[in-house]
Amino acid sequence: MLYQRSSSLFAEAKKYIPGGVNSPVRAFKAVGGDPIFVNEAKGAYLYDEDGNRLIDYIASWGPLILGHAYAPVVDAVIDKAKKGTSFGMPTEIETELAQLTVSMVPNIDKIRFVNSGTEACMSAIRLARGYTGRDKIIKFAGCYHGHSDSFLIQAGSGAVTFGTPNSPGVTQGTAKDTLLAPYNDLESVKALTQANRGEIAAIIIEPVAGNMGCIVPREGFLEGLRELCNREGILLLFDEVMTGFRLAKGGAQEALGINADMVMFGKVIGGGLPVGAFAARSEIMAHLAPEGPVYQAGTLSGNPLAMGAGLAMLTQLNEHPEVFESLADKTEHLYEGFDNVLRKKGIPYQINRFGSMISVHFTNAPVMDFETSAKGNNETFKKYFHGMLEKGIYLPPSAFESYFLNDALSYGDLDETIAALDALDL
Ligand code: PMP
């Protein structure tokens, strides 16, 4: 395939935008080569600026769970846009989306809409601190909770892909309040809580991690965190930016049967428009302005386009929850196909999967935390990524990312993807 126009658009972009992109992972730094510029997308397919058709496994990094340009979402956006794009005043649709969300997700009474997953996590932490009167938080190495200062400590996703899990610009003062534990290691969390008794406001976690590839929580790990939080008066925060409305109607809380004290959303909740949200029981949310003293605000928060898209998306998922099973079945099919092909090739590999999240690491050892994820062979990953791209399959351009299946993918698309892998020389 030719990607000439993409390359020249990238060269032009680099003159005016740092690195030519508005979010680092898009730049292909981990895999080399120039990124693909998209012209349009429909269903499971991307159409790039060179006229290539690509089968898409990132779905805008998760939001487009029903495929690109999903008609009810597009129609809702057009309909809303005609009536005004933002008012900075309350609108009825905000309550409609809030009500629907609260009805779908366990254990929450109230929700506040923001504009991104970053904002959701940043604000949730402030609320957790305001509520508990404590300063410190525990996060897990390799988890990514957006780019706000407290989280750029051993962060996953683009932060680690670009070699800056601890970003310059984050002050010592901020960093000292973020304590770190390895994912899936309950004992080290217990040790941290012992050493910082009465000082920890929250434990924040991706209940199924997707920012060091896909990492599944070990049996008993999240249950152990729940117990520990109950005992120590710590809030358990589930970052469901990836898992929310993807693993089940009620996200990871429902899929794994564990209650969090606060949940953060992004991606699917906005149907592809900029939406994030954080939610909890009334007692906690009552501390948020204007009801309570913890401040948080947003000029474009709850704007009608974003709310319209979110409402159209969640209404569909709420009325057709069988989509979650359909997605998990498709992911299983891809898993089995990849597993057969890679086994035949005789190279070291691990495939992690949960629901419609899946990733491949080229290593022998089970991948269960950041350390084991980082052992994957990046040279093989590069060959795999570019080989698949050559065959029209668009995968995440870094091993530190999960793939996101969308329900527009047909079994024919999945088989084409498996055949592409089969034909690769790794
Ligand atoms: N939390 C998680 C788990 C994420 O995966 C991401 C983004 N990939 C974020 C937070 C940040 O969301 P956003 O990019 O919308 O700011």
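The written sequence of each chain sets the order in which its residues are numbered from 1. For a predicted model such as this one, the threshold for reporting local features is a pLDDT of at least 70, and the threshold for listing and counting side-chain atom pairs is 80 or more; totals across whole chains, interfaces and linings nevertheless cover every residue.

- Per an unreviewed UniProt entry, the protein chain goes by Glutamate-1-semialdehyde 2,1-aminomutase and derives from Ulvibacterium marinum.
- In the Subcellular location (unreviewed entry) part of its UniProt record, the protein chain is described as follows: "Cytoplasm".
- For the record of the protein chain, the UniProt heading Subunit (unreviewed entry) holds the text "Homodimer." UniProt positions are given in the numbering used here, feature names are shortened, and annotations may be inferred rather than shown by experiment.

### Overview of the site of the ligand
- Residues are counted as near a molecule or strand when the C-beta atom, derived from backbone positions, lies within 6 Å of that molecule or strand. In the neighbourhood of the ligand, 17 residues make up the surrounding shell, with Ser-116, Gly-117, Thr-118, Gly-146 and Val-241 lying closest.
- In terms of residue count, helix H4 (residues 117-132) provides more of the shell around the ligand than any other element does, three residues in total.
- As a working rule, the residues Ala, Val, Leu, Ile, Met, Phe, Trp, Tyr, Cys and Pro are called nonpolar, Asp, Glu, Lys and Arg charged, and the rest polar, with Gly in that last group. Of the residues belonging to the shell around the ligand, the class tally is five nonpolar, ten polar and two charged. Only DSSP runs of H or I reaching four residues or more are called helices, and only runs of E reaching two or more are called strands; each is numbered from the N terminus.

### Quick word on the UniProt feature "modified residue: N6-(pyridoxal phosphate)lysine" (unreviewed entry) in the protein chain
- This chain's UniProt record puts "modified residue: N6-(pyridoxal phosphate)lysine" (unreviewed entry) on Lys-267.
- Looking at the secondary structure, you find Lys-267 in the loop between strand E9 (262-265) and strand E10 (276-280).
- Whether a residue is buried, exposed or partly exposed follows from its count of other C-beta atoms within 10 Å of its own C-beta, namely 20 or more, 12 or fewer, or something in between, respectively; the C-beta atoms are built from the backbone. Residue class for Lys-267 comes out buried when judged on the 26 C-beta atoms lying within 10 Å of it.
- Excluding its chain neighbours within four sequence positions, the residues that come into contact with Lys-267 are Trp-61, Gly-62, Pro-63, Gly-117, Val-241 and Met-242. A pair of residues counts as a contact when their C-beta atoms, built from backbone coordinates, are within 7 Å of each other.

### Structural notes on helix H8 (residues 221-232)
- The span expected for a helix works out to 1.5 Å for each residue beyond the first. Between the first and last C-alpha of H8 there are 16 Å, a value that for twelve residues agrees with the 16 Å anticipated at 1.5 Å per step.
- Those residues of H8 lying buried are Leu-222, Leu-225 and Cys-229. Taken down its axis, H8 places every buried residue within 55 degrees of arc, on the same side. Those residues of H8 that are exposed and aimed more than 90 degrees away from the buried face are Asn-230 and Arg-231.
- The inward-facing, buried residues of H8 abut helix H7 (186-195), strand E7 (200-205), strand E8 (235-239) and helix H9 (251-256). The arc in question is the one spanned by the directions pointing from the helix axis to the C-beta atoms.

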